[in-house]
Amino acid sequence: MNINPTKIVCVGLNYKQHACEMGHALPADPVLFMKPVSSIIYDGDAIIYPAMSSQVDYEAELAIVMGENGIIAGFTCANDVTARDLQRRDGQWTRAKSFDTFCPLGPEITRVDDPDRLGIKAILNGRIVQDSNTADMIFSVDEIIDFISHVMTLNKDDIILTGTPCGIGPMNRGDEIVIEIEQIGRLRNRVA
């Protein structure tokens, strides 16, 4: 898998159970934030645990890969890795989500039958820690693309992360984290 996006647009709090888990009301509109393209790594690459953080969390996500003219090229697995302690400290999300290696993607870009009805899991050291379905998303794939398109131009290879289900939690150095999405496959990374 090799892509050249101009941006990574992310949707926060897009699963009903995750919003409840975080103590937030369901948003009226998609909550957007960005990750830099320098955060991208691929299947099998190492997630680097930054020295300035003491809590780095996994977040299993369905990623949309855009094609030409606002058409979806396909979907892949993503891990919206987050330095949770820094997110709490900063009161906003940029630093916590922007470290190099904090956007694993893969294993391939795939077409799916219905992106709003896919099983999604995070598996930490062989133990299932997130287990949900994209049917729990507050905003559907089409609604997300429509909303973002009214804010900014989506170019070929641009990535949209669609939010994470409940069950987020910390990873430690030496851990293996697997993101598994039905019809797409498994994204596997180790934490270094």
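Higher on the page you've got the structure.
These remarks concern the structure in this document. Computed from a prediction, not measured in an experiment: that's the story for all the values here. (Residues numbered from 1 in each chain as written. Predicted model: local features only at pLDDT ≥ 70, side-chain atom pairs only at ≥ 80, totals over all residues. Heavy atoms only, no water.)

## Digging into the overall build of the chain
As a reminder of what qualifies: Numbering of helices and strands runs from the N terminus; a helix is a DSSP stretch of H or I covering at least four residues, while a strand is a stretch of E covering at least two. C-alpha atoms define the radius of gyration, and 2.2 Å times the number of residues to the power 0.38 defines the globule rule. Working definition: with a 1.4 Å probe on protein chains only, accessible area under 20% of the residue-type maximum means buried, over 50% means exposed, and in between means partly exposed. Residues count as neighbours in contact if any of their non-hydrogen atoms are within 4.5 Å of one another. Using a 1.4 Å probe, the Shrake-Rupley method yields the accessible areas, and only the shown protein chains count as cover for residues. By the counting rule applied here, Lys and Arg register as positive and Asp and Glu as negative, while His and the ends of each chain are not counted. Taken as the charge centre is NZ of Lys, CZ of Arg, CG of Asp or CD of Glu, depending on the residue.
The secondary structure content of the chain amounts to four helices and 15 strands. Its C-alpha atoms give the chain a radius of gyration of 15 Å, near enough to 16 Å, the size a compact globule of 192 residues would have. Residue burial in the chain is summarised as follows: out of 192 residues, 56% are buried. Pairs at least 24 apart in sequence give 74% of the contacts found in the chain among residues at least 6 apart. Approximately 8200 Å² of the chain is accessible, and the part contributed by carbon and sulfur atoms is 49%. Across the chain, 17 positive and 27 negative side-chain charges occur, with their mean positions spaced 6 Å apart.

## Re helix H4 (residues 141-149)
Basically, it comes down to this: The directions considered for the arc run from the helix axis to the C-beta atoms.
Along H4, the positions that sit buried rather than exposed are Val141, Ile144, Ile145 and Ile148. For H4, the buried positions fall inside an angular range of 95 degrees around the axis, keeping them on one side. Here the buried face of H4 lies against strand E1 (8-12), strand E2 (31-35), strand E6 (60-66), strand E7 (72-79) and strand E12 (159-161).

## What about the packing of aromatic side chains?
Stated precisely, the cut-off is as follows: Two aromatic rings from Phe, Tyr or Trp, using only the six-membered ring of Trp, form a pair when their centres are within 6.5 Å; if the ring planes differ by under 30 degrees the pair is stacked, by over 60 it is edge-to-face, and anything between is tilted. Two conditions define a charge sitting above a ring: the NZ of Lys or the CZ of Arg must be within 6 Å of the ring centre, and it must be within 35 degrees of the ring normal.
Enumeration according to the criterion identifies two aromatic pairs in this entry. With a centroid separation of 4.8 Å and 80 degrees between ring planes, the pair formed by Phe33 and Trp93 is classed as edge-to-face. Taken as a pair, Phe33 in strand E2 and Trp93 in the loop between helix H2 (84-90) and helix H3 (94-97) lie far apart in primary sequence, 60 residues in all. Judged by its relative accessible area of 11%, Phe33 is buried. On the basis of an interplanar angle of 55 degrees and a centroid distance of 5.2 Å, the ring pair of Phe99 and Phe102 is categorised as tilted. In terms of burial, Phe99 and Phe102 fall into one category: buried. Above the face of the Trp93 ring, Lys97 is positioned so that its terminal group lies 5.8 Å from the ring centre.

## Things to note about the environment of His150
Spelled out, the test is: Identification of polar contacts relies on pairs of N or O atoms within 3.5 Å, with a donor-acceptor requirement for protein atoms, meaning one able to donate a hydrogen and the other able to accept it, and with residues adjacent in sequence counted only if both atoms are side-chain atoms.
Inspection of the secondary structure puts His150 in the loop between H4 and E12. Residue His150 is classed as exposed on the basis of its relative accessible area, which comes to 65%. Within the structure, the side chain of His150 is placed 2.7 Å from the backbone oxygen of Asp146, a separation counted as a polar contact.

## Quick word on the sheet that holds strand E8 (residues 82-83)
Going by this rule: Note on pairing: DSSP must find at least two bridges between two strands before they are called paired.
Taken in spatial order, the three strands make up an open sheet running E8-E5-E13, and their pairing is antiparallel. Edge positions in the sheet fall to E8 and strand E13 (169-171), since each has one partner strand and no second. Bridge analysis of strand E5 (residues 56-58) against E8 gives two bridges, and the strand direction is antiparallel. Paired with Val56 across the two strands is Ala83, which belongs to E8.

## A look at the pairing of strand E9 (residues 103-110)
Extensive coverage of E9 is indicated by the burial of six of its eight residues. Pairing analysis gives three bridges linking strand E3 (residues 40-42) to E9, with the strands arranged parallel. The residue bridging Ile40 from the neighbouring strand is Cys103, located in E9. For E7 and E9, the ladder comprises three bridges, and the chain directions are antiparallel. Bridge pairing links Cys77 to Gly106 in E9.

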